Amino acid sequence: MQTQKPLLPDGARRTAAWCGVVLLVTGVAAVAVCLCIIFKTAVTPVLLALLGTALLGPVHRRLAAHGVHRSVAAGITCALLLAVVGGAGYIVVSALVETGGQIVQSLRDAGQWFVDHFPGADDLDVDDLEASGRRLVEKFGASAAGGLLTGISLLGSLIATSVLSLLLTFFFLRDADRAADLAHTIAPRGTGDMVEAMGRRAFEAVEGFMRGTTLIALIDAVCITVGLLILRVPGAVGLGALVLVGAYIPYLGAFISGAVAVVVALADRGFVIALWALGVVLAVQVLEGHVLQPMIQSRTVQMHPAMILIALTAGASVAGILGMLLAVPLCAAAFGILGELRKGGGPAPDAPKEPG
């Protein structure tokens, strides 16, 4: 009996199969993103709680290892998280409030300096730039408020999100030892070990990113603030606060905060001091890229800078600044899961019993 010849060659069939897989994965991802946007009021606190759990999970594990009850240890850890985040937020906000006007005026003076020194910028109206910037900030604030509030005040929304995130962090820390049992319960039969291994790998990636980024952000902010204080650049503390916040947005945050520091130095201290400020920023960036990141984030899932920029762009288009903050840790978790799928194995024999 003569075998029927396939309609398409093997190469075309393999290409069609891969296209089908790509379309299926893209469709599932699009549906997941749409659901996250629809239920963002619930999704945002969960993601923030996971980041908080990843940041302070080692503290909870150490307290539990010393005999402290898990609930008490979770409460102490959440109190520490509240103190750290609240204290850091107060320092950053107060520094920006105290020096914000000075920084804005310095930026305006820098624009005037460019108008005075570059003939091609004669048509540039600094007042119009300032007014346009203020309108842009007001428009962004209005759109962000309209997207987040949906009828309630911004302050109430932030407080509700913060409280819910803190409560979820408490439960995530207290019940972390049940995560493995939950993975085996919800996973299809025979895949529990794989689901558990993927969950551990994803959480370890987020944990390493959060701890490493926080430590690097503190070192960068302190070094740049000290350098700007030595150069007597106005608003040095506020600029250091910008560096601290911007460090959580890889590449773009450091570039923007460093550029602002150099422009402020140019406006108030002149071209030579601006060059010194640029040298300080570049030296800190070289220290971060060649010393701090290899040492501190050696166990974190490493991603190509192009992939990070794509993730930041996608996160900004989906959820604005919050999306940019969450994009990289989520991508780190996804790469951890993909790495575990490539291995195709279960959890390591010496793997810790709890993920966070």
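Per chain, the residues get numbers from 1 upward, laid out in the order the sequence is written. Given that the model is predicted, a residue must reach a pLDDT of at least 70 before its local features are reported, and side-chain atom pairs must reach 80 or more before they are shown or counted; all residues, however, enter totals for whole chains, interfaces and linings. Side-chain measures here rest on the full set of heavy atoms in the structure, leaving out hydrogens and waters.

**Student:** I'd like to hear about the overall build of the chain, residue by residue, with values.
**Tutor:** Numbered from the N terminus, helices here are DSSP runs of H or I no shorter than four residues, and strands are runs of E no shorter than two. When helices and strands are counted, the chain shows 11 helices and zero strands. Along the chain direction, N to C, the helices and strands of the chain fall in the order α-α-α-α-α-α-α-α-α-α-α. With a 1.4 Å probe rolled over the protein chains alone, any residue whose accessible area is under 20% of its type maximum counts as buried; one over 50% counts as exposed, and the rest are partly exposed. The 356 residues of the chain split such that 32% are buried. For the chain, restricting intrachain contacts to residue pairs at least 6 apart in sequence, the fraction spanning at least 24 positions comes to 74%. Surface exposure here means Shrake-Rupley accessible area, sampled with a 1.4 Å probe, where a residue is shielded only by the protein chains that are shown. Summed over all atoms, the accessible surface of the chain reaches about 21500 Å², with 71% contributed by carbon and sulfur. Contact between two residues is taken to exist if any of their heavy atoms lie within 4.5 Å; hydrogens are not considered.

**Student:** Residues and numbers for the packing of helix 7 (residues 192–230) against helix 8 (residues 236–246), please.
**Tutor:** Here an axis means a line fitted to C-alpha atoms, over the contact stretch when the element is a helix, while the angle between two N-to-C directions is reported on a 0 to 180 degree scale. Two numbers describe how helix 7 lies on helix 8: the axes approach to 8 Å, and their chain directions differ by 160°. Considering their axes alone, helix 7 and helix 8 lie roughly antiparallel with respect to each other. Of the two possible hands of crossing, helix 7 and helix 8 adopt the one that is right-handed. Counting all contacts with helix 7, which are made through A217, L218, D220, A221, I224, T225, L228 and L229, the residues of helix 8 involved are A236, V237, L239, G240, V243 and L244. Three categories are distinguished: nonpolar for Ala, Val, Leu, Ile, Met, Phe, Trp, Tyr, Cys and Pro, charged for Asp, Glu, Lys and Arg, and polar for the others, with Gly belonging to the last. Residues that form the contact of helix 7 with helix 8 fall into these classes: 11 nonpolar, two polar and one charged. Just so you know how the angles are binned, under 35 degrees is roughly parallel, over 145 roughly antiparallel, 65 to 115 roughly perpendicular, and the rest oblique. Handedness of a crossing follows from how the near helix is turned relative to the far one, being left-handed for an anticlockwise turn of less than a right angle and right-handed for a clockwise one.

**Student:** Before we move on, could you go through the pattern of salt bridges and cite the residues and values that matter?
**Tutor:** For salt bridges, the criterion is a side-chain nitrogen of Lys or Arg within 4 Å of an Asp or Glu carboxyl oxygen. Applying the stated criterion across every chain yields a total of four salt bridges. Two residues, E207 and R211, come together in a salt bridge whose shortest N-O distance is 3.6 Å. One end of the pair, E207, and the other, R211, are both in helix 7, four residues apart, so they sit about a helical turn from each other. Judged by relative accessible area, which is 38%, R211 ranks as partly exposed. Here the salt bridges do not stand alone but share partners, grouping R61, E207 and R211 into one network.

**Student:** Explain the packing of aromatic side chains residue by residue, including any values.
**Tutor:** Centres within 6.5 Å make a pair out of two Phe, Tyr or Trp rings, where for Trp the six-membered ring is used; the pair is then stacked when the planes are under 30 degrees apart, edge-to-face when over 60, and tilted otherwise. Enumeration according to the criterion identifies one aromatic pair in this entry. Between F170 and F171, the ring centres sit 5.4 Å apart and the planes meet at 70°, which makes this aromatic pair edge-to-face. Since its relative accessible area comes to 21%, F170 is described here as partly exposed.

**Student:** With reference to specific residues and values, describe a nonpolar patch on the surface.
**Tutor:** Side chains of Y251, L252, F255, I256 and L309 sit close together on the surface and give an oily, nonpolar patch of about 500 Å² of accessible area. At three residues, helix 9 (residues 252–269) tops the list of elements feeding residues into the nonpolar patch. Within the element layout of this structure, L252 appears in helix 9. Each patch is assembled from residues with relative accessible area greater than 30% and no salt bridge, linking like charges that lie within 9 Å and nonpolar side chains (Val, Leu, Ile, Met, Phe, Trp, Tyr) that lie within 5 Å.

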